[in-house]
Every structure is written in C-alpha cells, then in structure tokens.
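Below, each chain spelled out in residue letters.
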Amino acid sequence: MPSPIALSPPSPPASLFLKKKKSSLSQLPPFPTATSYLSALHEADARARGQVVTPSSTPPLSISSSLTSMSGDNPPIELADDRSLLTFPLTAPNSEQVFTTVHTEFGHCANQNYRCVSQHDSGKPVGEHKIEEPPYYILFTTYFSYLLLIIFGHLRDFFGKRFAKSYFTHLVPYNGYAPLNSDFDSFYTRRLKRRMDDCFSHPVTGVAGRTILVYDRYSEDCNYTQIYPGTKTRALNISSYNYLGFAQASGGCADAVEESIKRYGVSMSGTRLEGGTCDLHHTAEALVARFIGMEDALISSMGFATNSTFIPALVTKGCLVVSDEHNHASIRVGVRQSGAHVRMFKHNDMDSLEALLREVISQGQPRTHRPWKKILVIVEGLYSMEGTMVDLPKVVELKQKYKFYLFVDEAHSVGALGPHGRGVTDYFNIPPRSVDVLMGTFTKSFGAAGGYIAGSKALINSLRLRGHSGPYAEAITPPVLTQIVASMASIMGVATAPNSKTPSHAPTAPSRADEYTHPGMAPVSALPSWLSLPPSLSDGSEARERIRRLAFNSRYLHAGLKKLGFITYGHPFSPIVPLLIFNPGKMASFARMMRARRPTPIVVVVVAYPATPLVTSRVRFCVSGAHTKDDIDVILRACDEVGDVLDLKHGHGERWPLEEIMKRSVELVNSV
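Residues numbered from 1 in each chain as written. Predicted model: local features only at pLDDT ≥ 70, side-chain atom pairs only at ≥ 80, totals over all residues. Heavy atoms only, no water.

Trainee: Just give me the short version of the packing of helix 7 (residues 303-314) against helix 8 (residues 329-338), but keep the residues and values in it.
Mentor: Between helix 7 and helix 8, the least distance of the axes is 7 Å, while the angle of their chain directions is 25°. With respect to helix 8, the axis of helix 7 lies roughly parallel. The handedness of the crossing between helix 7 and helix 8 is right-handed. Residue-level contacts link Phe304, Asn307, Ser308, Ile311 and Pro312 of helix 7 to Ala329, Ser330, Ile331, Val333, Gly334, Val335, Gln337 and Ser338 of helix 8. Per-class residue counts for the contact of helix 7 with helix 8 are 7 nonpolar, 6 polar and no charged. (Axes fitted to C-alpha atoms, helices over the stretch in contact; angles between N-to-C directions. Helix = DSSP H or I, 4+ residues; strand = E, 2+ residues; numbered from the N terminus. Parallel < 35°, antiparallel > 145°, perpendicular 65-115°, else oblique. Left-handed = near helix turned anticlockwise from the far one by under 90°. Contact = heavy atoms within 4.5 Å. Nonpolar A, V, L, I, M, F, W, Y, C, P; charged D, E, K, R; others polar.)

So, in structure tokens, the structure goes:
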C-alpha cells in the first residue's frame, strides 16, 4: 500500500526502473524550480528505460497544486542550487509516486518498511534507563581540560587587566558606576564559552525543515566578533524541534495560515483578558481539550511562560511541590515564584519518589509539622536533555496511593509519542483524566508556538484569571492559532459527519466526558468554516504516516548509535537522542566537523554546563518525521567517522559495522 504522503495518480503506468541501473542524480543539472526538477526526473526515468525523450515533453510526475501554482505576486519555489542528498532523494521516485512535499522540507520516503508504531507493550514492565559510565581516563581528561581552561582564564584576566585594560572596562568600576557584570560572574562566558561561540546561536534562514540554510561566518579575533561573507550553505537539519515535520512553507497547513492572515491580520494587539481574544482562541482551546482528552484547556503565547506563569496559580505558600531533579528551567522558575516549598527526587526513580512522599506526608510542614495545603508532583513526559520517558504507570499508581495532584509537562512528548500522537498517556494507554494537569507546547510537534494547560473546567476557569499570562502576556496571533488548529486537526482527522462518538457542537465549548470517546476524530463543526484541508490531511492518513516515520527514525538512530559503540541517553522512542561527548574541546570539534562535512553538512546542537552536569557534555540530536532513512544513514556514517577521530566510542554493548547497521535497519528497530 503506497504512503498517503506519496499520492498516486489514477491508473499510473508501471515503473520500468531497472534495479541494477539506477540513474545518478549527481549528473543532473541544477534546477531552479520544482517543475524543472520533475522534468529532469522524467528524463532520468526515460533514460533508465533506454528511451529517448525531448526536454519539452510533459513529465508524468507532478506535485500538488499548492507547490506548482504560482501567481505574479508569488515567486517560484527556490530549490537549493546543489545536487546532493539534501535536494534530491538517493532513490529517484518512479512514475507511480507523486509527492506533495518539497524534499528539502519533508523528505520523500514511500517505503512502508521504514515505519514503526510508538506504543508501550503492556505485557512488559517499563524498562529502567541504565546509564553507562565512560572509562576513568575520559573523566580524568575532562576534569583536567576544565582545570586548564580555568587556570589559563585567570592568568589572562590577571595580565589583561594590567596590559590590555581596554578589554576590561565593562568589568571594572568606571566614572562612578559599578559594572553591570563582574569579572567573576562573566568568567565562564568569557573564558570557556567564547572559545566555542561559533558552535552556538548560528543564524539560519528559510524553512527549518528537513534541511536548513545556514549563514556562513568566521572569526578573526577568537570569537569576539563574527564576520559574515554573505554566503549560505544548505545543511541536513538534525537540530530543530520539528518532530512531525509540520514546519513547512507549502502544503495544507501553510495554505490555511495564508488564508487566516487575509481574514485576521497578523496580531490581536492585546492580552487575553483585555481585548486580545478572538473566535480562533476559543476554537483552538476547544480542539486542544478534545485532542488531549481533558475537560477544558487554555493556551498561552509562550511555552516557557506556560509553566512559569501558571504554576504560581496552582500552588502557594503552605503547599509542597515534589519535582524531578531534571525538570525544565521553566518549571523551576514557576515553583520559585509560587512561594511553595519544594523537594526533589532522583531522576525518574520511583523508589526515591515514594520514599520522599512518605517522609513529607508524615512530617508535614517544616517547624510547625502542620499538614500541607496540597502536594503537587511535577514530572515531564520526555526530558529534554536526557531523552528519558517518565514511568507514568508507576506515578499514577503512587498518585492513587498517596493522593497527591499530578502535573505532567508534555512539551516534548505530545504529538511525538503514542499511536495517535496524543503524548505519553497515549503511549502507555492511560486515561488522560487520571492526570490532574497536562501541560504541553505547540513548538515541537505542531510547527507553531505557544503552550497549553489542560485539566478540569473548574481548574482552567481559575487559571484564566489567576495566571499571569491572562492579563499580561500577548495573545497568540491568528496565523499561529491557525497553524495549531490545522496541524492538530490533521493528526486527529476530521469526521465528515457527526455520529454518536463525535457529536456536532459549537467550537467554543469543549465536549463533556460522556459525549466523546478519546482518542477520536474532530467534527467539522469544531473547525473554522473557512478552513479547508486537503484530503490526505483531513482524513488523518498523512499525519499517521508522519508519526510512524518519526517512531522509526528515533529508534533507528538510537539503536544505530548504540551499535556503533557510542554512549547515549534516552528512551528508544524518544525523538531526542543525546550522544555523550564529555570533553568540552571534543564538543566544539564535533559540531565543527559535522558542519564542515561535504557533500552533506550536518547541523547539530551541542550542550554543556550549566545546562548539563559539568562532565556530561553532549550533542543532542532532534529527530523528525521529515527525515528519511537515508538521512539517518548519513548521520550514522558521519558520527562513525567523527567518533573514531575524537575517541567517542566508549559503550559496552555489542558493536556492528556501519554497513551491517544500514542493511539490517528494520530488524534493528524491531528488536530494540
């Protein structure tokens, strides 16, 4: 059965591509438009059959009208000027395959073997993540590297303040003013981070899809300043939060966003409680509640602010927050602002959590030992730096035993996990309403911005007034709202006619529990009347393919790196795959070597202290459903070569050669 993303034209002729004689895309000329790209593919197809065609012949391959139809006001779609894997698939599409996406934004992959279902096997216990320790010499050289950096940094400060005072004027008192930043506070930034500043905050342009255009830059003064020659390089993007590949400049969601700008403009110019709420906000909130499976939901214009502004409205002084030690900074900020007492338990350690719960419940508040007003346990569905997944079944079991409130941050798990893309509750097949508060963001899986809080109607009504986002934060803009609604509706699928499971109702009010079977399709009445999605989006088939592609890519990259001998963190189904580098110097070298690879540069994110512990610097791969199996092969090959050069392979498991990993990828994914 062909992929829904690869739609087939009516009665296509059988492909006559010869398996032993595939056309080489590297021999094709550069193509400025999608039409010329398809014409060249047709010529390659004909050459493979041994036929002669004229360049003016009409190609049998085409892409959707939203990609090819151009008016005088719209410039033609500009494909990259190179002929590498980044612009064209290694295996040219045949006459039966018509892709509705641009390959640079969402990779062309019709092979149904490269799909997987993200779902927990209820017959098996939730596996505990085991952390592999590197050899002692790696830890020693890592500490020694930091020690050298600190010693030489202080020496440079000592002599610099005496012989190069112009470089330190902003760090010493001047003209009666105290420095805004002291030399001690800025020491790490100046003496450690600046050495690798070229690996951070790299400017990009264009669509942050499967590939991305990176501005070339270099420094002649040890990263004090960066020089931009004006050139750009297209690179394979394994660094963006684009889990399902909805960050596209073309397609059904992009067309809907364009229509919303014509109807609503680009901003509501106000806060939610002061004239910034429109009908799209009510529609989006009702759809989010239905998608998550909760009674009601509210949305905020920033994911970080969703935690930092609504947690203080949930707990106050006299309350206790029990937090995982690796929870996100937004959770920490929100808890600090709330005034509640906070205790932390070991990361994803359920024994540690239960022991802590026993202690705090029996002892009560400090000094007075009065009972806590409420206890709120906060965990994440997927942890952004470790890629580990919460043991939700055990947490829910403890919740029923100790009667605390449960807050789950699904910023990275909603959309990316579960057979229906509904997050960690969907993955474990746990009723969403067994969790008191579900939080998530629209940045990672929906190609939009902002966040949401979902819970009971009474809770959400309280948060609308007491949360700081309501009166102070700008409302989500209509184009972003439309992207949220369109992408979420495509994941759910749109029911063409109401039935007993998904009855028609007004989009401004979420459904009651007895009216909706979760997970279900969205009724047409839940969407704006002017919103029209292509059939492959409205029936949910394309989104299901995206979810299954993401699951395969995540497991394949995770398992492939393990078999190559790397130390990695995270759950096999997690789209976040951290690869441990340890040494700060190797971290910078890894990023530079990956970006300098030819013919396929790779953009990666490297993370170090203070975002991670001092000795666990890492590269964090962010896998997407937009990637193809060939893309993951390229990443594995690059890691294999760079890992040998930098001595990064310290894993203890069985190792396979790269070619065997690529050949047995499906078997490897199914065995994880």
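Trainee: Outline the side chain of Thr142, listing residues and values.
Mentor: Along the chain, Thr142 turns up in helix 3 (residues 136-163). A relative accessible area of 1% means that Thr142 is categorised as buried. If we ignore the near neighbours within four places in the chain, the residues touching Thr142 are Phe582, Asn583, Pro584 and Val615. (Buried < 20%, exposed > 50% of the residue type's maximum accessible area, 1.4 Å probe, protein only.)

Trainee: Explain the environment of Leu244 residue by residue, including any values.
Mentor: Structurally, Leu244 can be placed in the loop between strand 5 (232-237) and helix 5 (252-264). Leu244 gets classed as buried once you look at its relative accessible area, which sits at 0%. Separated by 383 residues in sequence, Leu244 and His627 place their C-alpha atoms 9.5 Å apart. With sequence-adjacent residues up to four places away left out, Leu244 is seen in contact with Phe106, Gly415, Lys444, Ser445, Ile491, Arg546, Ile547 and Leu550.

Trainee: Pulling in residues and values, what's your account of the side chain of His108?
Mentor: Along the chain, the position of His108 falls in the loop between strand 2 (98-99) and helix 3. Residue classification places His108 among the buried positions, given a relative accessible area of 10%. There is a polar contact of 2.7 Å between the side chain of His108 and the backbone oxygen of Thr101. (Polar contact = N/O pair within 3.5 Å; in protein donor to acceptor, adjacent residues only side chain to side chain.)

Trainee: Please provide a residue-by-residue account of the packing of helix 5 against helix 14 (residues 478-492), values included.
Mentor: Between helix 5 and helix 14, the least distance of the axes is 8 Å, while the angle of their chain directions is 145°. Relative to helix 14, helix 5 is oriented so that their crossing is right-handed. Of the residues in helix 14, those touching helix 5 at Cys253, Ala256, Val257, Ser260, Ile261 and Tyr264 are Pro478, Pro479, Thr482, Gln483, Ala486 and Ser487. Grouping the constituent residues of the contact of helix 5 with helix 14 by class yields 8 nonpolar, 4 polar and no charged.

Trainee: Break down the packing of aromatic side chains for me, with residues and values.
Mentor: If you walk through the whole model with that rule in mind, you get 14 aromatic pairs. Consider the rings of Tyr114 and Phe552, whose centres lie 5.4 Å apart with planes at 40°: the pair is tilted. Of the two residues, Tyr114 is situated in the loop between strand 2 and helix 3 and Phe552 in helix 16 (residues 541-564); the sequence distance between them amounts to 438 residues. What makes Phe552 buried here is its relative accessible area of 1%. Consider the rings of Phe159 and Phe163, whose centres lie 6.4 Å apart with planes at 20°: the pair is stacked. Residue Phe159 and its partner Phe163 are both found in helix 3; the two are separated by 4 residues, about one turn of the helix. Owing to a relative accessible area of 44%, Phe159 belongs among the partly exposed residues under this scheme. (Phe/Tyr/Trp six-rings, centres within 6.5 Å; stacked < 30°, edge-to-face > 60°.)

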